[in-house]
Amino acid sequence: NGGNLAVSESFAVCGDGLTPDEFRYALNYQAVRGINVFNAMITTAGDKKMQALVQRPVFTSAKPGFYNMNHINTYYKRLSYLLRLGEPQIDTALYIPCADFWANEEKSKKASESYIKKGVMLENSNVEFDIIDDYAILSASISDDGLRVGDMLYKNIVVPECEFMPDEVIERIKPFIKEYECVEEKSNIRIMKRKLPSGMLYFIFNEGINKENVKIDAVDKLYRLNAVSSEITKTKNAIEVVSGDIAIIYETDCELDTVSDEVEYSVDLKEFTTVKMKKFTITLEGICMEEFSEPIEMTDEFSGEITYQT
């Protein structure tokens, strides 16, 4: 309803094999759909007794990779901040037919499939939208411009197949019902926009496997905001986005201090030596860690952390 905070809980069902790339993909997937507060469960668990055993994944100092968590935490701190700036640019709402969902199996299935199809179609068309229900519609104020719910003004209401929408709801949304052309081809790019007094923020997410090149309609200068490094670089309107990543683009007529783009290069790394090893075991007493300055034999049961240098 136009509020500035939306929270999700994630990863409570994941195992300890959760990788940083999976972590990044799943939370970026949510961010471009409006989530801006991330609770990555179960990051606050302890490392003693049942606290260490209750649920995976557990991020404690006795776990592999724990001291790299600051990188991803810093990234999401910056991303959360940027996601809250300005105002959302959403004028479309998708009606959720709750009454039909609670009907018999055939009617429920029909409404559910139509609801999902409409949502996917909007996403494939890169139309930003919110979800709206009977209560929101009945409490909304109506004008010629649209349906005002909280701070949001919805000019277009998309309605899936349903039989049990209340008559009063039908009358209220009838002037604003819109049918979008069906987009069958799946797009890997999702775009969210936030309008600032000084320009426009674009969050461009690639949910595909391969790199994607994206262009946006822009009249002012484009800057790329790097939420990992906090650096700002000038960019042209040919934006490359790798799988699972969000490109944050700021369009403005302001001049920003930027860093210079460096030429890309690659180096072959070889001749690795082991600096130290940590071995982890889980017992009824919690997670135990042993640290070794010399390499130890690794078996299939080995769980731990190895630091190399080259």
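In short, a report on the structure. (Residues numbered from 1 in each chain as written. Predicted model: local features only at pLDDT ≥ 70, side-chain atom pairs only at ≥ 80, totals over all residues. Heavy atoms only, no water.)

## Considering unusual backbone geometry
Move 1: The backbone of Asn126 shows a phi angle near 55°, a positive value even though the residue is not glycine.
Move 2: Tracing the backbone shows Asn126 in the loop between helix 5 (105–124) and strand 5 (129–132).
Move 3: With phi around 55°, Glu271 is a residue other than glycine that occupies positive phi space.
Move 4: Relative to the helices and strands, Glu271 resides in the loop between strand 16 (246–252) and strand 17 (273–283).
Move 5: Judged by its relative accessible area of 71%, Glu271 is exposed. (Helix = DSSP H or I, 4+ residues; strand = E, 2+ residues; numbered from the N terminus. Buried < 20%, exposed > 50% of the residue type's maximum accessible area, 1.4 Å probe, protein only.)

## Brief notes about the environment of Lys278
Move 1: The topology assignment puts Lys278 in strand 17.
Move 2: For the pair Lys278 and Thr307, spaced 29 residues apart in sequence, the C-alpha separation works out to 8.7 Å.
Move 3: If near-sequence neighbours (up to four positions away) are discounted, Lys278 is found in contact with Tyr67, Met289, Glu290, Glu291, Phe302, Ser303, Gly304 and Glu305. (Contact = heavy atoms within 4.5 Å.)

## As for helix 1 (residues 20–31)
Move 1: For helix 1, spanning 12 residues, the distance from its first C-alpha to its last is 16 Å, which sits close to the expected 16 Å at 1.5 Å a residue.
Move 2: For helix 1, the set of buried residues is Phe23, Leu27, Asn28, Gln30 and Ala31. Buried positions in helix 1, seen along its axis, are confined to an arc of 155° and lie on one side of it.
Move 3: In the core, the buried residues of helix 1 are packed alongside strand 1 (7–10), strand 2 (37–40), helix 3 (69–83), strand 10 (189–196), strand 11 (199–206) and strand 16. (Expected span 1.5 Å × (residues − 1). Arc of directions from axis to C-beta.)

## Things to note about the packing of aromatic side chains
Move 1: Counted according to the given criterion, the structure contains 9 aromatic pairs.
Move 2: Here Tyr29 and Phe205 contribute two aromatic rings whose centre-to-centre distance is 6.1 Å and whose plane-to-plane angle is 85°, an arrangement assigned as edge-to-face. Of the two residues, Tyr29 is situated in helix 1 and Phe205 in strand 11; the sequence distance between them amounts to 176 residues.
Move 3: Residue classification places Tyr29 among the partly exposed positions, given a relative accessible area of 32%. (Phe/Tyr/Trp six-rings, centres within 6.5 Å; stacked < 30°, edge-to-face > 60°.)

## A look at helix 3
Move 1: Taking 1.5 Å of rise per residue, 15 residues should cover 21 Å, and helix 3 covers 21 Å from first to last C-alpha, within 8% of that figure.
Move 2: Every buried residue belonging to helix 3 is among Met69, Ile72, Tyr75, Tyr76, Leu79, Ser80, Leu82 and Leu83, and all of these are buried. The arc that holds every buried residue of helix 3, seen down its axis, measures 160°, which confines them to one face. Exposed side chains of helix 3 directed beyond 90 degrees from the buried face belong to His71, Lys77 and Tyr81.
Move 3: Buried residues belonging to helix 3 abut helix 1, strand 2, strand 10, strand 11, strand 13 (221–225) and strand 16.

## Here's the deal with the sheet that holds strand 5
Move 1: With respect to topology, 3 strands assemble into an open sheet ordered 5-4-9, the strand pairing being parallel. The strands lining the two open edges of the sheet, one partner per strand, are strand 5 and strand 9 (156–158). Between one strand and the next, the sheet's axes are offset by a mean angle of 30°, whatever the strand orientation.
Move 2: Note: strand 4 (residues 92–95) against strand 9, 3 bridges, orientation parallel. Looking across to strand 9, one finds that Leu94 is bridged to Val158.
Move 3: Along the sheet face, helix 5 touches strand 4, strand 5 and strand 9 and points at about 160° away from the line of strand 4. (Pairing = 2+ DSSP bridges. Axes fitted to C-alpha atoms, helices over the stretch in contact; angles between N-to-C directions.)

## Re the environment of Glu128
Move 1: Checked against the element boundaries, Glu128 lands in the loop between helix 5 and strand 5.
Move 2: Glu128 sits 38 residues away from Ile90 along the chain, and the two C-alpha atoms are 5.6 Å apart.
Move 3: Side-chain polar atoms of Glu128 contact the backbone nitrogen of Lys193, separated by 3.0 Å. (Polar contact = N/O pair within 3.5 Å; in protein donor to acceptor, adjacent residues only side chain to side chain.)

## Quick word on a nonpolar patch on the surface
Move 1: Together, Tyr265, Val267, Leu269, Phe272, Met298 and Tyr308 make up an exposed nonpolar region whose accessible area comes to about 730 Å².
Move 2: As for its placement among the helices and strands, Val267 is situated in the loop between strand 16 and strand 17.
Move 3: Overall, the relative accessible area of 56% leaves Val267 in the exposed class. (Patch = residues over 30% accessible without salt bridge, like charges linked within 9 Å, V, L, I, M, F, W, Y side chains within 5 Å. Areas by Shrake-Rupley, 256 points an atom, 1.4 Å probe, with all protein chains shown as cover. Salt bridge = Lys/Arg side-chain N within 4 Å of Asp/Glu carboxyl O.)

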